[in-house]
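The primary structure of each chain is shown beneath.
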Protein chains: 2
Amino acid sequence: MSVIFSKKCEYALQAILYLASKDEKEYFSAREIAKDLKIPKEFISKILQSLVNFKIVGSKKGKNGGFYLAKNPNKIRLIDIVEAIDGLDVFTTCVLGFPECSYDSPCPVHSEWGKLRSLAYDMLSSQTIDHFTEKTLKKINQL
Amino acid sequence: MSVIFSKKCEYALQAILYLASKDEKEYFSAREIAKDLKIPKEFISKILQSLVNFKIVGSKKGKNGGFYLAKNPNKIRLIDIVEAIDGLDVFTTCVLGFPECSYDSPCPVHSEWGKLRSLAYDMLSSQTIDHFTEKTLKKINQL
DNA sequence: ATTAATTCGGATAAATTAATCTTATTAAAC
DNA sequence: GTTTAATAAGATTAATTTATCCGAATTAAT
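First things first, this report covers the structure right here in the doc.

**Examining the protein's contact with DNA strand D**
Next up, step 1: For DNA strand D, the set of nearby residues contains 26 residues, the closest of which are Pro40(A), Phe43(A), Ala30(B), Lys46(B) and Ser59(B).
Next up, step 2: Within 4 Å of the protein, the contacting atoms of DNA strand D are 68% sugar and phosphate, with bases supplying the remainder.
Next up, step 3: Ala30(B) is positioned with one of its backbone polar atoms (N or O) 2.9 Å from a phosphate oxygen of DNA strand D.
Next up, step 4: Taking Ser59(B), its side chain carries an N or O atom lying 2.7 Å from a phosphate oxygen of DNA strand D.
Next up, step 5: Of all the secondary-structure elements, those providing two or more residues to the surface near DNA strand D are α1 (7-21) and α3 (41-53) of chain A together with α2 (30-37), α3 (41-53), β1 (57-60) and β2 (66-69) of chain B.
Next up, step 6: Of the residues contributing to the surface near DNA strand D, the split by class is six nonpolar, nine polar and 11 charged.

Right under this line is the structure:
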């Protein structure tokens with residue numbers, strides 16, 4: 001099965017969109033995020049922890065603690081989330097898996113695929129979370 | 001780690017490019033393909049078997065047998081290989097993993113990502129193996 | 001202080017994907 | 001016909017990804 005983002009990355013994006021759709025400076029526990037987004041609680045906890053390490057999300061321990069966005073949604077690019085969770089290897093390593101593939105010694109599909117990959121990278125780099133918050137609100141209410 | 005194609009799919013594409021770069025109607029054994037492309041022999045055998053089932057590759061059993069392209073390289077699109085090995089779900093299911101995502105009820109990144117995905121699909125659909133054979137010859141000689 | 005609810009970190013388990021092994025079948029060459 | 005070299009198919013193992021579990025630390029409320 002081909003895939004573009006790992007499950008972790010999908011969940012991370014969902015969780016961030018969720019937090020962005022809520023009021024600032026409130027704490028949302030892994031439990032309620034998991035429940036609302038229908039993601040396994042333990043798994044989303046781990047992912048949120050990673051995002052905390054990357055300073056994208058903040059957390060508060062103890063009773064009534066939880067998670068919140070550590071940055072303004074207009075400062076969080078989609079690519080930042082991909083980088084934090086999956087890394088940026090997809091954008092640099094050969095699609096065909098040829099270890100010898102490079103600009104100077106490209107694999108057969110290098111240039112064609114490279115264009116597309118640049119487009120993806122540019123899209124993910126230009127789009128920030130705030131572009132999506134309104135849509136997110138609508139979507140979450142359906143879940 | 002995000003990824004675009006599975007390893008299987010990468011190997012399948014490599015093997016097909018390999019066969020396309022060779023003379024027609026000669027048989028190439030899994031052993032020599034594996035050796036030349038530096039892919040585990042047993043694994044590439046399995047993958048070639050799948051491609052045989054999809055009529056993209058043909059095979060001949062017994063001594064001096066092996067694999068060959070069952071179709072003209074200009075009739076084999078990249079998307080055919082992806083479809084045979086990984087399926088086309090990447091192009092239809094939600095990038096965010098929202099099960100409720102659809103045209104009528106799109107997920108927040110639906111339209112932005114959708115454009116990109118269409119581009120990918122179009123690219124893979126329009127490019128056929130023969131476009132790459134010359135480049136492949138160069139590349140294989142380096143391995 | 002005690003309790004309850006939370007994050008955090010490490011360990012473990014389950015599921016999926018990747019890779020290997022084994023045996024059967026096929027067909028050419030001797 | 002026997003041997004040899006190949007694909008085919010099923011079973012098994014290994015590695016990776018996904019998911020869960022548990023115990024410790026933290027903090028608010030009682």
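**Side note on the environment of Gly65(B)**
Residue and element names in this part refer to chain B.
Next up, step 1: Following the sequence through the fold, Gly-65 ends up in the loop between β1 and β2.
Next up, step 2: We classify Gly-65 as buried; its relative accessible area is 15%.
Next up, step 3: Considered as a pair, Gly-65 and Ser-29 are 36 residues apart in the sequence and their alpha carbons are 6.6 Å apart.

**Concerning the relation of the copies chain B and chain A**
Next up, step 1: You can overlay chain B on chain A at an RMSD of 0.1 Å; the transform is a turn of 180° with a shift of 0.0 Å along its axis. Expressed as an axis order, the relation between the two copies is that of a two-fold axis. It is Ile4(B) whose C-alpha, among those of chain B, lies nearest the rotation axis, at 2.5 Å.
Next up, step 2: When the interface residues of chain B are mapped onto chain A, 100% of them again lie at the interface, so the same face is used by both copies.

Parameters at a glance
- Residues numbered from 1 in each chain as written.
- Chains lettered and ligands numbered in written order.
- Predicted model: local features only at pLDDT ≥ 70, side-chain atom pairs only at ≥ 80, totals over all residues.
- Heavy atoms only, no water.
- Near = heavy atom within 4 Å.
- Polar contact = N/O pair within 3.5 Å; in protein donor to acceptor, adjacent residues only side chain to side chain.
- Helix = DSSP H or I, 4+ residues; strand = E, 2+ residues; numbered from the N terminus.
- Nonpolar A, V, L, I, M, F, W, Y, C, P; charged D, E, K, R; others polar.
- Buried < 20%, exposed > 50% of the residue type's maximum accessible area, 1.4 Å probe, protein only.
- Least-squares fit on C-alpha atoms with pLDDT ≥ 70 in both.
- Contact = heavy atoms within 4.5 Å.

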